[in-house]
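Chain by chain, the residues run as shown.
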Amino acid sequence: AKALYMEAGDKSRLSMPTHIMAEATRMLGRLPEATKLYLESLKFATEAGNKIMIAVENVNLAAVAIQERRFDDAERHMRHSLQVAWEIRNSYLLPYEFLAAGQIAVGRGQWSRAAKLLGAADGILKACGEQIDPADKKGFDAATAETKKAYDPKKIEGKWQKYWNT
């Protein structure tokens, strides 16, 4: 698809096929290559003024940075994604913003914060009848397991507690 859009001179549509390649590459664990593809997709989205894809690629860049344990970069990308999603009033990414923030909290050893944010992400997805994106599932499961190991789930207060399988 990417080659066809290039051949047709339609750069406004290049972000999505590049995004799909980046997702597959990330799922294969080829993080530097995935980062390069997400940045390329972000460039195409920015040139086309496609704000939803700008938000999407920033949260995906946050996910890669989390896997690489670059938590400051992850937080910067997550915050930019959240800002853009807020500007365009798009709530689809909200559970993924909570997921990224929760994984950052795990990486920083902030267990109470991680429990609340991961529980919120899981709760939103369940309340909407959605499944977590396959590219994010492994990271979510690992962060949840690490949080439950380090932080007593009985301490999780509030309405998110019911979303934790304890």
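As the structure is a prediction and not an experimental result, all values here were calculated from the model.

Asks: Describe the packing of aromatic side chains, and please don't skip the residues or the numbers.
Replies: This model, assessed by the stated rule, comprises one aromatic pair. For the ring pair Tyr92 and Tyr96, a centre distance of 6.0 Å and an interplane angle of 40° mean the geometry is tilted. Residue placement shows Arg89 over the ring face of Trp86; its charged tip is 4.6 Å from the ring centre.

Asks: Give me helix H8 (residues 134–150): which residues, what numbers.
Replies: End to end, H8 covers 25 Å across 17 residues, agreeing with the expected 24 Å (1.5 Å per residue, within 8%). Those residues of H8 that are buried are in contact with helix H2 (15–27), helix H4 (51–67), helix H6 (94–107) and helix H7 (111–127). The N-cap residue of H8 is Asp133: its side-chain oxygen and the backbone nitrogen of Ala135 are 2.8 Å apart.

Asks: Requested: an account of unusual backbone geometry, with residues and values cited.
Replies: Positive phi, normally seen in glycine, also occurs at Arg69, with a value near 65°. By the element assignment, Arg69 lies in the loop between H4 and helix H5 (71–87). Residue Arg69 is classed as exposed on the basis of its relative accessible area, which comes to 57%. Positive phi, normally seen in glycine, also occurs at Arg89, with a value near 55°.

Asks: Mind laying out H5, listing which residues take part and the relevant values?
Replies: Between its first and last C-alpha, H5 extends 24 Å over 17 residues, near the 24 Å set by a 1.5 Å rise per residue. Looking at H5, one finds that the buried residues are Phe71, Ala74, Glu75, His77, Met78, Ser81, Val84 and Ala85. Here the buried face of H5 lies against H4 and H6. One or two steps after H5, the chain reaches Arg89, where phi turns positive at roughly 55°.

Asks: I'd like a description of the environment of His77, backed by residues and values.
Replies: Mapping His77 onto the fold places it in helix H5. Owing to a relative accessible area of 12%, His77 belongs among the buried residues under this scheme. Along the chain, His77 and Ala63 lie 14 residues apart, while their C-alpha atoms are 8.9 Å from each other. The contacts of His77, once residues within four sequence positions are left out, are Asn58, Val59, Leu61 and Ala62. Only 2.9 Å separates the side chain of His77 from the side chain of Asn58, close enough to count as a polar contact.

The rules behind the values
Residues numbered from 1 in each chain as written. Predicted model: local features only at pLDDT ≥ 70, side-chain atom pairs only at ≥ 80, totals over all residues. Heavy atoms only, no water. Phe/Tyr/Trp six-rings, centres within 6.5 Å; stacked < 30°, edge-to-face > 60°. Lys NZ or Arg CZ within 6 Å of the ring centre and 35° of its normal. Helix = DSSP H or I, 4+ residues; strand = E, 2+ residues; numbered from the N terminus. Expected span 1.5 Å × (residues − 1). Contact = heavy atoms within 4.5 Å. Polar contact = N/O pair within 3.5 Å; in protein donor to acceptor, adjacent residues only side chain to side chain. Buried < 20%, exposed > 50% of the residue type's maximum accessible area, 1.4 Å probe, protein only.

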